[in-house]
Amino acid sequence: MLPEFILQNQKVLLYRLQNGSAIAEFGPAIWLTMLCFFLPLLEIVSLLSTYACCMALNILQAEQAAICPKSQCDAIVKNQIPSQWQSSGLGIFAKCSSQPQTQVNYQLNQASPSPTGAAEGPQGTVCVSTTFQVSPFIQLPFLFIPLKTATWTGNCRPPYQEICRLM
């Protein structure tokens, strides 16, 4: 013989299934699921995709800075590439509050001898540091999601390349 409280629970369950009152709990449950899981997840995914888009810009700037002359670096790397990036492609999806700020540092190393003994041209590296101010997709009042703009800095240093245009 089953205890009395199990029989009562079976009667309540049978009553709820027959009358459809279990569906009344679906609305609040879906709201709690959206507020506690779906919207924070959407926010985190949007911040990660924005970060990836901004790092793609930083890599593009570093590649261009390695091949363009130092005199044209301000015009091309700091102004032209970010403005084209914000108006097309990945830059549209990145929610930047302002235009990215870029700093380019050239480091020229001494000419190194090749294995045959002849001196090669000047070798150097380019370090491109880009600062982004991004705002969240949805501003939620949760502790682990930023409510204001976040500032990210991306640094990219392409491998050693021949930079003959530095002089």
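Criteria and cut-off values
Residues numbered from 1 in each chain as written. Predicted model: local features only at pLDDT ≥ 70, side-chain atom pairs only at ≥ 80, totals over all residues. Heavy atoms only, no water. Helix = DSSP H or I, 4+ residues; strand = E, 2+ residues; numbered from the N terminus. Buried < 20%, exposed > 50% of the residue type's maximum accessible area, 1.4 Å probe, protein only. Contact = heavy atoms within 4.5 Å. Polar contact = N/O pair within 3.5 Å; in protein donor to acceptor, adjacent residues only side chain to side chain. Expected span 1.5 Å × (residues − 1). Bend = angle between axes of the 7 residues up to and from the residue. Phe/Tyr/Trp six-rings, centres within 6.5 Å; stacked < 30°, edge-to-face > 60°.

### Some words on the overall build of the protein
So, step 1. Regarding its fold elements, the protein presents four helices and four strands.
So, step 2. Sequence-ordered secondary structure for the protein, helices as α and strands as β, is α-α-α-α-β-β-β-β.
So, step 3. Considering the protein as a whole, with its 167 residues, one finds that 31% of them fall into the buried category.
So, step 4. Long-range pairs, those at least 24 residues apart, make up 64% of the contacts in the protein between residues at least 6 apart in sequence.

### Observations concerning the side chain of Asn58
So, step 1. Mapped onto the secondary structure, Asn58 falls in helix H2 (residues 26-67).
So, step 2. Within the structure, the side chain of Asn58 is placed 3.1 Å from the backbone oxygen of Gly154, a separation counted as a polar contact.

### Here we look at H2
So, step 1. Here H2 is 42 residues long and its end C-alpha atoms lie 60 Å apart, about the 62 Å a rise of 1.5 Å per residue gives.
So, step 2. Along H2, the helix axis deviates most sharply at Met34, where the bend reaches about 40°.

### Concerning the packing of aromatic side chains
So, step 1. Counted by the stated rule, this structure contains one aromatic pair.
So, step 2. Summarising the aromatic geometry, the rings of Trp85 and Phe132 are spaced 6.4 Å apart at their centres and angled 50° between planes, so their arrangement reads as tilted. Taken as a pair, Trp85 in helix H3 (residues 73-87) and Phe132 in strand S2 (residues 123-134) lie far apart in primary sequence, 47 residues in all. By the burial criterion, Trp85 is buried, and Phe132 matches it.

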